Amino acid sequence: MPGKLYLLPNLLDETSPTDLFLPISIKGAVASIQGLIVESEKAGRRYLRRFLSHEEMAKIPLSLLNEHTRNISELLQPMQRGETWGLLSDAGLPCIADPGADLVWLSHQENIAVETFVGPSSIWMALQLSGLGGQLFSFHGYLPRESPELEFKIRELEQRPGTQIWIEAPYRSAKMLDLLKKILQPSTQLCVAVSLTTPKQRVVSQTAARWRTTPFPLDKEPAVFLIDGLI
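Here the structure is a predicted model, which is why all the values come from computation and not from measurement.

## Thoughts on the pairing of strand β8 (residues 189-194)
Residues in a regular strand project their side chains so that they alternate between the two faces of the sheet. Counting buried residues along β8, five of its six residues qualify, which places the element largely inside the surrounding structure. In this structure, β8 lies alongside strand β9 (residues 202-207), joined through six bridges in antiparallel fashion. Within the sheet, the bridge partner assigned to C191 lies in β9 and is S205. Bridge analysis of β8 against strand β10 (residues 223-228) gives six bridges, and the strand direction is antiparallel. Within β10, the position partnered with L190 by the bridge is I227.

Structure, rendered in C-alpha cells:
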C-alpha cells in the first residue's frame, strides 16, 4: 500500500518563534515521518531540530529536491513502499514559488496520499496586507534579470487586469524598486512588502507618483512586489 507525503510549512525567517507561525499539528506530523525531502540539507536539519531530539533527528534521512535534481521519480520510492515522508521548502510553503509541484503531481499518479498544513507564505500575506484587489491576481515568480527584457515585462504586467505579484532576490530588491519608480505610470498602484513576519517588516502601498517622492531604504531584504495598473 502506498505511503503518504506531507507538505510541511516552514518559517519565513528562521529566528521567528515556531509557535507563532506554525500550527501545533506540525509537531506530530514531523514525529511521524520516516524521511524528509528538502531544498538544502542545512535548512532541513534546522527544521527538524525545532521538533525532535538530536537522537530522533539523526534517524531521519534527507533527500534533496532543488534545481540540481535530475530524477524526481526516485524520491517517491520510499513512499511507494508505504513510508510517510515530508516535503519542506527553505522558507514558506512547499510548491509556492519553491520546488515541489512536480513531486506532488507524480505522487497523485502513483496514488500516494498528499496532505498539507497551514503556514506562512510571503506571497499571500503580501496580497492581504497590500490593499490591492484579491479577486483577480497573478503570481509571476522572478522576472527577467536584465534590461530591456525586464522593463518590457513590467510594462506588460502593468497593462494586465488584476493584481500582479512577483518576488526578487534580496540583493536585487532595491534595484527593482528604483526601476519601478522610474517606469510605472503615475496612477499605477504599487505595494512593496519587505521582511514579512520579522521585526523589520514594512508594507507600503501607494501610487507610483507618490513612491517617487517617498524615501524607502531597502537593504538586501526579501521583498514581494505588487502592482495594479488598471484601476
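## Some points on unusual backbone geometry
Note: most peptide bonds trans; most residues except glycine with negative phi. In this structure, P148 follows S147 across a cis peptide bond, with omega equal to 5°. Despite not being glycine, C95 has its phi angle at roughly 75°, a positive value. Relative to the helices and strands, C95 resides in the loop between β4 (84-88) and α6 (101-109). Relative accessible area serves as the criterion here: at 24%, C95 is assigned to the partly exposed category. A positive phi angle is found at N111, which is not glycine, with a value near 60°. Here N111 shows up in the loop between α6 and β5 (113-116). Owing to a relative accessible area of 63%, N111 belongs among the exposed residues under this scheme.

## What to know about the pairing of β10
Taken across its six residues, β10 has six buried, putting it largely inside the fold. Residues A223, F225 and I227 of β10 are buried on one face, and the alternating residues V224, L226 and D228, pointing to the opposite face, are buried as well. Pairing between strand β7 (residues 163-168) and β10: five bridges, direction antiparallel. Looking at the pairing, Q164 lines up with I227 of β10.

Reading the values: rules and limits
- Note that residues are indexed from 1 along each chain, following the sequence as it is written.
- Reporting of local features is limited, given that this is a predicted model, to residues whose pLDDT is at least 70; pairs of side-chain atoms are given and counted only at 80 or more, and all residues count toward the totals for whole chains, interfaces and linings.
- Excluded from the side-chain calculation are hydrogens and water; included are all heavy atoms of the structure.
- When a residue's accessible area, from a 1.4 Å probe over protein chains only, is under 20% of the maximum for its type it is buried; when over 50% it is exposed; and in between it is partly exposed.
- What counts as a helix is a DSSP run of H or I of at least four residues, what counts as a strand is a run of E of at least two, and both are numbered from the N terminus.
- Paired strands, in this sense, are two strands between which DSSP finds at least two bridges.

It is worth stressing that arrangement in space is one thing and function is another; only the former is reported here.
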